[in-house]
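# Structural features, examined
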Amino acid sequence: MTKSKKKYRRQQKKTFPIVPVAVGLFLIGFAVLAMTSPKAEANVGTQNSVVPMAVNYAAPELTLQNRDGETESLADYLGQVVLVNNWATWCPPCKAEMPTLVAYHNEHTADGFSIIAVDAGEAGEVVSQFAQSIGMNFPVWLDPNGEALKAFRNGTLPNSYVIDRTGTVRYAWTGEISKAMLEKYVTPLIVETN
């Protein structure tokens, strides 16, 4: 190998690491700019929420006991807009979305809206303790055998279903729901025939 080729290779080895470092810095800078843009700030409230899937089918027949041991059925809520939320206290996204559901329920309960929180298989005292700690003042049903998960054919938690006043399931969510998504999709159903 000639001297000039050896010198060229030494220079190439010295400058090669600069390219990946420069590309990395460029990408980091781009990410910082993207996160600090006004558009990114506007989306902060919805980043953990999925968009619901529009559906159209009759609500399943579902009857379970609430925390007080009383039997309740989805049919008891005909004429209201209902969000059925399948959840558990051991599920981090379930716990994360629950304060949002509580706040939304409190804002819209006078308009004929209710949430039914169906716990997936936990002991009543564990569920009651959690429900009281965050002020869940809507029906909480106990589902020791996974009947709600079977009825809605979805074993992933959390999952939620919005049932309109006629008993038709209109929206299905799998994953955490934000207030922005509730306002965008559920509020129109509440005011539609209120």
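Residues numbered from 1 in each chain as written. Predicted model: local features only at pLDDT ≥ 70, side-chain atom pairs only at ≥ 80, totals over all residues. Heavy atoms only, no water.

## Side note on the layout of surface pockets
So the rule is basically this: The definitions used throughout rest on a 1 Å grid laid over the protein atoms alone, on which a cavity is an enclosed set of points accommodating a 1.4 Å probe that cannot get out and a pocket is an open set flanked by protein within 12 Å on both sides along at least five of seven lines; lining residues are those having an atom within 4 Å of a point. Grid points are joined across faces, edges and corners, and a volume is the space filled by probe spheres set on the points. The classification used treats Ala, Val, Leu, Ile, Met, Phe, Trp, Tyr, Cys and Pro as nonpolar, Asp, Glu, Lys and Arg as charged, and all other residues, Gly among them, as polar.
Of the pockets and cavities examined, the largest pocket occupies roughly 190 Å³. Lining the largest pocket are 15 residues, and of these Ala59, Leu74, Ala75, Leu78 and Gly167 lie nearest its centre. Residues belonging to the lining of the largest pocket are distributed by class as follows: 9 nonpolar, 4 polar and 2 charged.

## Some thoughts on helix α5 (residues 124-134)
Using the following cut-off: Only protein chains enter the accessibility calculation, which uses a 1.4 Å probe; a residue is then buried when its area is under 20% of its type maximum, exposed when over 50%, and partly exposed in between. Elements are defined by DSSP. Helices are runs of H or I of four residues or more, strands are runs of E of two residues or more, and each kind is numbered from the N terminus. The arc refers to the directions leading from the helix axis to the C-beta atoms. Residues are treated as being in contact if the distance between any of their heavy atoms lies within 4.5 Å.
Along α5, the residues that are buried comprise Val127, Ser128, Phe130 and Ala131. Buried residues of α5 fall within an arc of 165 degrees about the axis and therefore sit on the same side. The exposed set on the far side of α5, more than 90 degrees from its buried face, consists of Glu125, Gln129, Gln132 and Ser133. On its buried face, α5 is in contact with β4 (81-87), α4 (92-108), β5 (113-120) and β6 (140-143). A positive phi of about 75 degrees marks Gly135, the residue just after α5.

## A short note on the pattern of salt bridges
Let me state the cut-off plainly: Think of a salt bridge as a Lys or Arg side-chain nitrogen and an Asp or Glu carboxyl oxygen that are within 4 Å of each other.
Counted by the stated rule, this structure contains 5 salt bridges. Glu147 serves as the salt-bridge partner of Lys150, at 3.6 Å between the closest nitrogen and oxygen. Taken together, the positions of Lys150 and Glu147, both in helix α6 (residues 147-151) and 3 residues apart, correspond to about one turn of that helix. In this structure, the salt-bridge partner of Glu192 is Arg170, at a minimum N-O distance of 3.8 Å. In this pair, Glu192 sits in helix α8 (residues 187-192) while Arg170 sits in strand β8 (residues 168-174), placing the two residues 22 residues apart along the sequence. By relative accessible area, Arg170 is classed as partly exposed at 24%. Residues participating in the shared-partner salt-bridge network are Glu107, Lys179 and Glu183.

## Brief notes about the side chain of Thr187
Formally: Definition of a polar contact: a pair of N or O atoms within 3.5 Å, with one able to donate and the other able to accept a hydrogen when the atoms are protein atoms, and with sequence-neighbouring residues admitted only if both atoms are side-chain atoms.
Topologically, Thr187 is positioned in helix α8. According to the relative accessible area criterion, Thr187 is buried, its value standing at 15%. Within the structure, the side chain of Thr187 is placed 2.7 Å from the side chain of Glu183, a separation counted as a polar contact. Sequence-distant contacts of Thr187, that is, excluding residues within four places in its chain, are made with Tyr104, His108 and Leu182.

## Looking at the sheet that holds β6
Selection rule: For two strands to be treated as a pair, DSSP must find at least two bridges joining them. Interaxial angle, 0 to 180 degrees, is taken between N-to-C directions of lines fitted to C-alpha atoms, where a helix line uses only the stretch in contact.
Strand order in the open sheet made by the 8 strands is β1-β8-β7-β4-β5-β6-β2-β3, with mixed pairing throughout. With one partner strand each, in any of the chains shown, β1 (53-58) and β3 (71-73) form the two edges of the open sheet. The average angle at which neighbouring strand axes cross in this sheet is 35 degrees, direction not considered. With 2 bridges joining them, strand β2 (residues 63-66) and β6 adopt antiparallel strand pairing. Looking at the pairing, Gln65 lines up with Leu142 of β6. Packed on one face of the sheet, α5 meets β4, β5 and β6 and runs near 155 degrees to β6.

## Notes on unusual backbone geometry
The residue after Leu157, namely Pro158, is reached through a cis peptide bond having omega -10 degrees. Its place among the elements puts Pro158 in the loop between α6 and β7 (159-163). The phi angle at Arg153 is positive, at roughly 55 degrees, despite the residue not being glycine. Residue classification places Arg153 among the exposed residues on the basis of a relative accessible area of 80%.

## Things to note about the nonpolar core
In plain terms, the rule: Put simply, buried Ala, Val, Leu, Ile, Met, Phe, Trp, Tyr and Cys residues joined by side-chain atoms within 4.5 Å make one nonpolar core.
With 33 residues, the main nonpolar core has Leu83, Trp87, Met136, Trp173 and Val186 as its most contacted residues. Elements represented by at least two residues in this core include exactly β4, α4, β5, α5, β6, β8, α7 (179-185) and α8. Sorting elements by how many residues they give to this core places α4 first, with 5 residues. The contacts of Met136, once residues within four sequence positions are left out, are Arg67, Trp87, Met98, Val102, Ala117, Phe130 and Ala131.

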